[in-house]
Amino acid sequence: MSDVLEFAGVSVVRGGKTLLDGVNWQVKEGERWVIMGPNGAGKTTLLQIASGRMHPTRGVAGILEEVLGAVDVFELRPRIGLASAALAGQIPEDETVLNVVLTASYGMTGRWREKYEKLDERRAFHLLHEWGMSTFMNRRFSSLSEGERKRVQIARALMTDPELLLLDEPAAGLDLAGREDLLFRLGELARDEEAPAMVLVTHHLEEVPTGFSHALLLRDGGVVASGPIEEVFTEEHLSTAFDLPLDLRREGGRYSATALRG
Ligand SMILES: Nc1ncnc2c1ncn2[C@@H]1O[C@H](COP(=O)(O)OP(=O)(O)OP(=O)(O)O)[C@@H](O)[C@H]1O
Ligand SMILES: [Mg+2]
């Protein structure tokens, strides 16, 4: 199995503040990672580096067997699917749902553009269908509900058939039914052997889909624990990461936690 991500001593310093502090992290093909930690722990910053959108201040970030800083990021980025609130915020008001997915492939194809357009359109439609959104394809993205937007964003992230899929808080802002629907779909994707390596950021244990194999706990930019999910998700590790004594439960492959008081 080759390395999808290989971070060695990755630090990010901005405005005198250390956002990531010497992170060592390896993601291999087929692995499904959850990154968890409190607000401000550095989760989004870590995804920014993993997606080739930010460079480390110190350390080496290996991405898909390339080294960030020594590779053309415009060639690297189409190999990585990213869904995040920041990216969704850049979508123009009047963009149609189909175009939101379709435009992810721009820049990858130069020659034979027209031929690719048909293929791209078919792929975009197919992805929207898989994520239960094909009947919305002519709607404006801005008119969708939060849950519908999340599914379109994931379809978009998958458009280039990426080798790595990064999801920053995909279940944020969803109601209970929307969250459960999305987690079910993400669980299915996690179990699909053809699916790319996945990294999902959340700060809620309840938002971890089944089928995820590994976890990385962050606190103040540093790694609290990292490895197979059952070894990382312990009361001790989670209590340290969130600086709160926690009671951890696991049932049917899903996790939940409540604060221990007393
Ligand atoms: N350009 C910057 N200059 C200074 N501090 C920054 C800068 N960008 C981010 N930060 C800080 O770095 C910390 C980590 O940010 P990051 O967005 O990675 O956290 P996060 O774990 O994703 O948090 P959340 O759960 O709230 O999304 C935060 O305290 C943030 O305010
Ligand atoms: Mg964040």
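This text follows the structure it describes.
Residues numbered from 1 in each chain as written. Chains lettered and ligands numbered in written order. Predicted model: local features only at pLDDT ≥ 70, side-chain atom pairs only at ≥ 80, totals over all residues. Heavy atoms only, no water.

A.B. asks: Tell me about the site of ligand 1, and name the residues and values.
C.D. replies: Taken together, 13 residues sit near ligand 1, with N39, G40, K43, T44 and T45 positioned nearest. Between ligand 1 and K17, the relevant distance is 3.5 Å, taken from an oxygen atom to a side-chain nitrogen or oxygen of the residue. Within the side chain of N39, an N or O atom sits 2.9 Å from an oxygen atom of ligand 1. Burial of ligand 1 by the protein chains amounts to 61% of its free accessible area of 640 Å². Breaking the shell around ligand 1 down by element, the ones donating at least two residues are β2 (17-28) and α1 (43-50). Considering every element that reaches the shell around ligand 1, the biggest residue donor is α1, with 3 residues. Of the residues assigned to the shell around ligand 1, the class counts are 3 nonpolar, 6 polar and 4 charged. (Near = heavy atom within 4 Å. Polar contact = N/O pair within 3.5 Å; in protein donor to acceptor, adjacent residues only side chain to side chain. Areas by Shrake-Rupley, 256 points an atom, 1.4 Å probe, with all protein chains shown as cover. Helix = DSSP H or I, 4+ residues; strand = E, 2+ residues; numbered from the N terminus. Nonpolar A, V, L, I, M, F, W, Y, C, P; charged D, E, K, R; others polar.)

A.B. asks: Tell me about the sheet that holds strand β4 (residues 58-63), and name the residues and values.
C.D. replies: The strand order across the open sheet built from 4 strands is β2-β1-β4-β5, with neighbouring strands paired in antiparallel fashion. Looking at which strands have only one partner, the edges of the open sheet turn out to be β2 and β5 (66-67). As defined by bridge partners, strand β1 (residues 3-14) adjoins β4 across 5 bridges and the pair is classed as antiparallel. By the bridge assignment, F7 is partnered in β4 with A61. (Pairing = 2+ DSSP bridges.)

A.B. asks: Before we move on, can you summarise the nonpolar core with the specific residues and values?
C.D. replies: Across soluble globular proteins, you tend to see nonpolar side chains buried next to one another. Grouped together as the largest cluster of nonpolar side chains are 49 residues, with contacts concentrated most on V152 and F233. For V152, the contacting residues outside a window of four places in its chain are V97, V100, V101, L128, M133, F141 and L144. V23, I80, L164 and L166 belong to the second-largest nonpolar core, a separate cluster that totals 32 residues. (Core = buried A, V, L, I, M, F, W, Y, C linked by side-chain atoms within 4.5 Å. Buried < 20%, exposed > 50% of the residue type's maximum accessible area, 1.4 Å probe, protein only. Contact = heavy atoms within 4.5 Å.)

A.B. asks: Any details on the pairing of strand β9 (residues 214-219)? Residues and values, ideally.
C.D. replies: Residues in a regular strand point their side chains to alternate faces of the sheet. Extensive coverage of β9 is indicated by the burial of 5 of its 6 residues. Pairing analysis gives 4 bridges linking strand β3 (residues 32-36) to β9, with the strands arranged parallel. Bridge assignment links V34 to a residue of β9, and that residue is A215. Remark: 2 residues form the turn of the hairpin made by β9 and strand β10 (residues 222-228), two consecutive strands paired antiparallel; D220 in that turn has positive phi of roughly 50°.

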